[in-house]
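# Fold and geometry: a report
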Amino acid sequence: MQAIDCSRRVSKLRDFLLQGQGAAAPGILDLCLTCGTCAGGCPVTGVDGLDVRKAVRMVLLGLDQELVDSRFPWICTLCGRCEHACPMQIELLKMLRAARTLRERDKVPGVMHKGVMTCLKTGNNVGIPKEDFLALMEDVGNELAEELPGFKVPLDQKGARILVTINSKEPFAEPEDMFFWWRIFYAAKESWTTTSDNWEGVNWGLFTGDDASMKEIVGRIVENYKKLECEYLLLPE
Ligand code: SF4
Ligand code: SF4
């Protein structure tokens, strides 16, 4: 009779976590009790036949590539309920995000990776050219000034109290959505500014597990923040 091989299977994802990559957790996946508490409160349990408890098992059994290739880590909303409920305090969010990190970039679902690349190149996820953005800020500022006398969109104002970043979907498709904040600032006589470059406030590097790009995009915002000597930073999402 052939002996059963109980040695640990190779798991790239587990090693990735153990090496401390991807802001990673220690190897506490091994502590999983398979109790299922995590999966019980998860809004996407059962989608494609998977759940977060099974995901932990897959990593531990060396089936990590199957998890990386599955839709589950991307269907997961990263809401954190599973991790909050886990009696062993296993860092499930880090595991799920690491599965995204290990996905080949050309296989990242949807437009998110393309958006990250566009942001690195142009300063925003949808590639709005600077001159179009500046023209739009002037136009929408003039429109709002009809309601709020003297209103103007403050751009690159050194010493403003709040640096406001922008979700690119607003200038791209729903510019009036920016008015909500702007009306509040106006009523509060708030000192604020946004910037003419690198104003994107939605970092898709976070969602795609792309730490290097995420860091670069955050760094650009920090650079604006320091250059303009602001006190607070407002992110739209
Ligand atoms: S709740 Fe924690 S211990 Fe229980 S199955 Fe999920 S990961 Fe394992
Ligand atoms: S973080 Fe993901 S896996 Fe965990 S409960 Fe939320 S959707 Fe489910």
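Quick look at the structure, then. Every chain is numbered on its own, with residues counted from 1 as its sequence reads. In the order they appear in the text, chains get letters beginning with A and ligands get numbers beginning with 1. Totals for whole chains, interfaces and linings use every residue, but because this is a predicted model, local features are given only for residues with pLDDT of at least 70 and side-chain atom pairs only at 80 or more, for both listing and counting.

### What about the packing of helix α3 (residues 52-60) against helix α7 (residues 92-101)?
We apply this condition: What counts as an axis is a line fitted to C-alpha atoms, over the stretch in contact for a helix, and the angles between N-to-C directions run from 0 to 180 degrees. Counting from the N terminus, the helices are DSSP H or I runs at least four residues long and the strands are E runs at least two residues long. Angular relationships are summarised with four words: roughly parallel below 35 degrees, roughly antiparallel beyond 145, roughly perpendicular across 65 to 115, and oblique for the angles in between. Each crossing gets its handedness from the near helix: less than a right angle anticlockwise from the far helix is left-handed, clockwise is right-handed. Working definition of a contact: two residues with C-beta atoms, positioned from the backbone, lying within 7 Å. Each residue is assigned to one class: nonpolar for Ala, Val, Leu, Ile, Met, Phe, Trp, Tyr, Cys and Pro, charged for Asp, Glu, Lys and Arg, and polar for all the others, Gly among them.
Contact pair α3 / α7: the axes reach a minimum separation of 11 Å and the direction vectors enclose 70 degrees. With respect to their mutual orientation, α3 and α7 come out roughly perpendicular. The two elements α3 and α7 cross, and the hand of that crossing is left-handed. Between α3 and α7, the contacting residues are Val-52, Ala-55, Val-56 and Val-59 on the first element and Leu-92, Met-95 and Leu-96 on the second. Tallied by class, the residues present in the contact of α3 with α7 amount to seven nonpolar, no polar and no charged.

### A look at the site of ligand 1
We count it as follows: A residue counts as near a molecule or strand when its C-beta atom, positioned from the backbone, falls within 6 Å of it.
Looking at ligand 1, there are 14 residues lining it, with Cys-32, Cys-35, Thr-37, Cys-38 and Cys-86 nearest. At the level of elements, α2 (37-40) and α3 are the ones that each hand at least two residues to the shell around ligand 1. Along the lines of polarity and charge, the residues of the shell around ligand 1 split into ten nonpolar, three polar and one charged.

### Considerations on the site of ligand 2
Around ligand 2, the surrounding shell holds 14 residues, and the nearest of these are Cys-42, Cys-76, Cys-79, Arg-81 and Cys-82. Those elements that place two or more of their residues in the shell around ligand 2 are α6 (81-85) and α7. Here the shell around ligand 2 gets three residues from one element, more than from any other, and that element is α7. Along the lines of polarity and charge, the residues of the shell around ligand 2 split into eleven nonpolar, two polar and one charged.

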